[in-house]
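# Coordinates in review
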Protein chains: 2
Amino acid sequence: MSLDNFLNKSISRWMEGDGPHSSVVISTRVRLARNFGDFAFPGQAGAQELEKVEQQVRRWWNQGGLKALGKTSSISMRELDENQRQALVDQHLVSPNLARQGYGMVLLDKDGSVSIMVNEEDHLRIQTLFSGLQLAEAWDLASRVDDLFDSGFRYAWSPELGYLTSCPTNVGTGMRASVMLHLPGLAWAGQLPIVLGTISKVGMVVRGLYGEGSESQGNIYQISNQTTLGQSEEEIIEALNRVALQVIRQELDTRQKLLERDGVALADRIWRAYGILANARVITSGEALELLSSLRLGIDLNIIKGLSPRILQELLVMTRPGYLQQVFGRKLSPRERDEKRAELIRELVNKK
Amino acid sequence: MSLDNFLNKSISRWMEGDGPHSSVVISTRVRLARNFGDFAFPGQAGAQELEKVEQQVRRWWNQGGLKALGKTSSISMRELDENQRQALVDQHLVSPNLARQGYGMVLLDKDGSVSIMVNEEDHLRIQTLFSGLQLAEAWDLASRVDDLFDSGFRYAWSPELGYLTSCPTNVGTGMRASVMLHLPGLAWAGQLPIVLGTISKVGMVVRGLYGEGSESQGNIYQISNQTTLGQSEEEIIEALNRVALQVIRQELDTRQKLLERDGVALADRIWRAYGILANARVITSGEALELLSSLRLGIDLNIIKGLSPRILQELLVMTRPGYLQQVFGRKLSPRERDEKRAELIRELVNKK
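As the structure is a computational prediction, the values presented were derived from the model and not from experiment.

Residue position: Asp268 of chain B is located in helix H8 (residues 233-277). Leaving out residues up to four positions away in the same chain, Asp268 of chain B has contacts with Ala280, Arg281 and Val282 of chain A.

This brings us to the pattern of salt bridges. All names here are of chain A. Taken as a whole, this structure holds 42 salt bridges over all chains when the rule is applied. Of the charged contacts in the structure, one is a salt bridge between Glu339 and Arg335, with a shortest N-O distance of 3.0 Å. With a gap of four residues between them, Glu339 and Arg335 both fall in helix H12 (residues 334-349), about one helical turn apart. On the accessibility criterion, Arg335 (31% relative accessible area) is partly exposed.

Right, let's talk about the side chain of Thr254 of chain B for a bit. Note that Thr254 of chain B resides in helix H8. Beyond its immediate stretch of four places on either side in the chain, Thr254 of chain B contacts Gly185, Leu186, Ala189 and Gln191 of chain B.

We now examine the interface of chain B and chain A. Between chain B and chain A, the residue contacts involve 18 residues of the former and 18 residues of the latter. Both sides of the chain B and chain A interface together cover about 1,500 Å² of buried area, and 52% of this is carbon and sulfur. The three residues of chain B that bury the most area against chain A are Arg272, Asn279 and Arg281 of chain B, which together make up 37% of that side's buried surface. On the surface where chain B and chain A come into contact, there are four salt bridges. Linking Arg272 of chain A and Glu287 of chain B is a salt bridge whose minimum nitrogen-to-oxygen distance equals 2.7 Å. Our enumeration of links across chain B and chain A arrives at ten residue pairs in polar contact (both at pLDDT 80 or more). Where the side of chain B that touches chain A is concerned, the elements lending two or more residues are H8 and helix H12 (334-349) of chain B. Counting residues per element, the side of chain B that touches chain A draws most heavily on H8 of chain B, which supplies ten residues. Taken together, the residues of the side of chain B that touches chain A sort by class into nine nonpolar, two polar and seven charged.

Moving on, we get to the environment of Ile283 of chain A. Looking at the element boundaries, Ile283 of chain A is found in the loop between helix H8 (233-277) and helix H9 (285-300). Spatially, the C-alpha atoms of Ile283 of chain A and Glu343 of chain A are 9.2 Å apart, while their sequence positions differ by 60 residues. Once residues lying within four places of it in the same chain are set aside, the contact partners of Ile283 of chain A are Leu277, Ala288, Leu291, Asp338, Arg341, Ala342 and Ile345 of chain A together with Arg272 of chain B.

Attention shifts here to the relation of the copies chain B and chain A. Mapping chain B onto chain A calls for a rotation angle of 180° and an axial translation of 0.0 Å; the resulting RMSD is 0.0 Å. The two molecules are tied by a two-fold rotation axis, judged by turn and shift. Taking the C-alpha atom as reference, chain B places Gly275 of chain B closest to the rotation axis, 2.0 Å from it. The fraction of interface residues of chain B whose copies in chain A are also interface residues reaches 100%, indicating that both copies meet through the same surface.

Further remarks concern the sheet that holds strand E4 (residues 114-118) of chain B. Sheets are built from strands paired through backbone hydrogen bonds, the pairs being either parallel or antiparallel. Residues and elements named next belong to chain B. Taken together, the eight strands give an open sheet; going across it, the order is E2-E3-E4-E5-E1-E8-E10-E9, and neighbouring strands pair in antiparallel fashion. Unpaired on one side and paired on the other, strand E2 (72-76) and strand E9 (204-207) mark the two borders of the sheet. Within the sheet, the average angular offset between the axes of one strand and its neighbour, ignoring direction, is 20°. Strand direction decides the pairing type here: strand E1 (residues 25-34) and strand E5 (residues 124-131), joined by eight bridges, are antiparallel. Its bridge partner lying in E5, Arg31 is registered against Gln127. Most of the contacts of helix H7 (residues 192-201) go to E9, to which it runs at about 140°, and overall it touches E9 and strand E10 (220-225). The strands that H8 touches are E1, strand E8 (175-182), E9 and E10; relative to E8, the one it contacts most, it runs at about 10°.

What follows concerns the packing of H8 of chain B against helix H9 (residues 285-300) of chain B. The description of two packed helices rests on the angle between their axes and on the distance between the axes. Residues and elements named next belong to chain B. For the pair H8 and H9, interaxial distance at closest approach is 8 Å and the crossing angle is 130°. Between H8 and H9, the crossing angle belongs to the class labelled oblique. Crossing of H8 against H9: the hand is left-handed. The residues of H9 that touch H8, namely those facing Arg255, Leu266, Arg269, Ile270, Ala273, Tyr274, Ile276 and Leu277, are Glu287, Ala288, Leu291, Leu292, Ser294, Leu295, Leu297, Gly298 and Asp300. Of the residues in the contact of H8 with H9, the class split is eleven nonpolar, two polar and four charged.

Our next topic: the environment of Arg255 of chain A. Residue and element names in this part refer to chain A. Structurally, the position occupied by Arg255 is in helix H8. Given the relative accessible area of 3%, Arg255 is considered buried. With 60 residues separating them in the primary sequence, Arg255 and Leu315 have C-alpha atoms 23 Å apart. Beyond its immediate chain neighbours, meaning those up to four positions away, Arg255 contacts Ser23, Val24, His182, Pro184, Gly185, Leu297, Asp300 and Leu301. Polar side-chain contacts of Arg255 include one of 3.1 Å to the backbone oxygen of Ser23.

Cut-offs applied
Residues numbered from 1 in each chain as written. Chains lettered and ligands numbered in written order. Predicted model: local features only at pLDDT ≥ 70, side-chain atom pairs only at ≥ 80, totals over all residues. Heavy atoms only, no water. Helix = DSSP H or I, 4+ residues; strand = E, 2+ residues; numbered from the N terminus. Contact = heavy atoms within 4.5 Å. Salt bridge = Lys/Arg side-chain N within 4 Å of Asp/Glu carboxyl O. Buried < 20%, exposed > 50% of the residue type's maximum accessible area, 1.4 Å probe, protein only. Buried area = accessible area lost by both parts, 1.4 Å probe. Polar contact = N/O pair within 3.5 Å; in protein donor to acceptor, adjacent residues only side chain to side chain. Nonpolar A, V, L, I, M, F, W, Y, C, P; charged D, E, K, R; others polar. Least-squares fit on C-alpha atoms with pLDDT ≥ 70 in both. Pairing = 2+ DSSP bridges. Axes fitted to C-alpha atoms, helices over the stretch in contact; angles between N-to-C directions. Parallel < 35°, antiparallel > 145°, perpendicular 65-115°, else oblique. Left-handed = near helix turned anticlockwise from the far one by under 90°.

Take a look at the structure:
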């Protein structure tokens, strides 16, 4: 598995979109924040010390530290240009922060289910990414990767607090579990404010597609645990799973109600989205996301046939600026991106 | 040629859209207002007198008064239901007024090039309708029909004023000549206010698609002569022709400029319109007109291939409420009309 595969093709396993409850849940993510006890935390460390952390991880990896995961690859951020970094962000394999800072590294397993960032906010950010709702599976795999590192390094850990992290909000389990939900039904029915409000009240955080501070686009929302202290990982996973299942039920019920109340209006909205996606010559990423959300709902409701539901995930990634520039091999102006995006979308949508 | 042909099919000759300058001019119309000297004008006449006018015209017609036009048909408004009347309005064969009042009659030649309303605002409204810019031809045919009536009836005519009419604005020639122009280029470039303002200054009147008081829809404008006194018919026709040719040149120049300045943006707008028309499940007549205007421009600029330019004329007529109800054989609610309209449009647009 070479770097090129990650950069040029949408091969990440989570994009297959074949996980449980995949008509509502796009993906499940678990990430663990970890730090090494023998080094200053990244925020405090100088360039030399950061370099030493990377060297140690690389040596350990070269000696087969992650052998249990099958074939893995190691990518240093310094070796990538801006577009290549952005392409990894677009695939959710590294954080925007890691891409921005330009140093640090990432270790990836063969299908992008595991990505381990080194020297981001913490020494390690172990991330597992699954399609559909698979919280137990994602936690299980993250925990296995955690054990591998634990046997090779001494973690910064306190018996009272648990894992120590750069940001106090991560202290304890160091875990953030999240599910990415596609909620067009609730959005169209105007019920999102109520549903999302309820979620906040039970200790979960709701964010837009691209994480903290990002606006929601394409009716896609991330729900994740608020706290990392005072609950075990299993309790957090279980609570989040319960909330996710409830939202899924509400979303599916609402879709049925919309169909029953005015199926023609629903079909109209979906077919118009299809018509624009299949024909537009210029399209912004924001508009594309809104229309792809409608298209995906149409596929889920069997109104639009002959298109794979994974078109949403694929185009979520492929129409991002970084990915587009990677595919077309050069820096593109915003207008050029809008044209290339439209071109790519037409190609995929017209396969029907 | 039976009544059914006019009511159920778009067969009017003007809709063929193959006349001169048809990329800008949809149709040319000339109408002559005439009254008989031996009867009170319709506004003053009682039911009996109106009936007598119709009887006289019908008798004259039965005796071959219009034989020179080939096969013609006579339709009494009283015999039509509301939908049938509206369908004739939609084809521009009778005025909304005649359909509304519910009495009076219309004489039609075999392809809808000639339509003569009896007992509308005046005893006779002789109308000729041609595709493209054909003012001389339309005037010539109207004049021939006028001569036929002139030889069978005594017109209300004064040596000082000319033809006398119910409304003083028609006194003199009794002629209104008009061209229907499709001006998407000027509209998109924001130049319509200037161009239409200039037209008003040279003694012409600008109206929307459905005549006096109607708003412009689909970037379609009617330009007609303001005055009927003090100029000969030939002078009026010539002046209107000059103005029309100038607007045509401005429209075509502007289309080229739009193409050169940002052809991709233009294509985007056109293809989006196509995409929506080809896929929508519910569409109002106003939105349909706007999108059909874009589609037609795309056909004229050879951006969209495989569709006939006459799709605009056909759908202008076929998507009108009256026509839809006629086609589907019953009174339709506004929402049903929007659905049936979308269905009809999809069928025609997807022939591509």
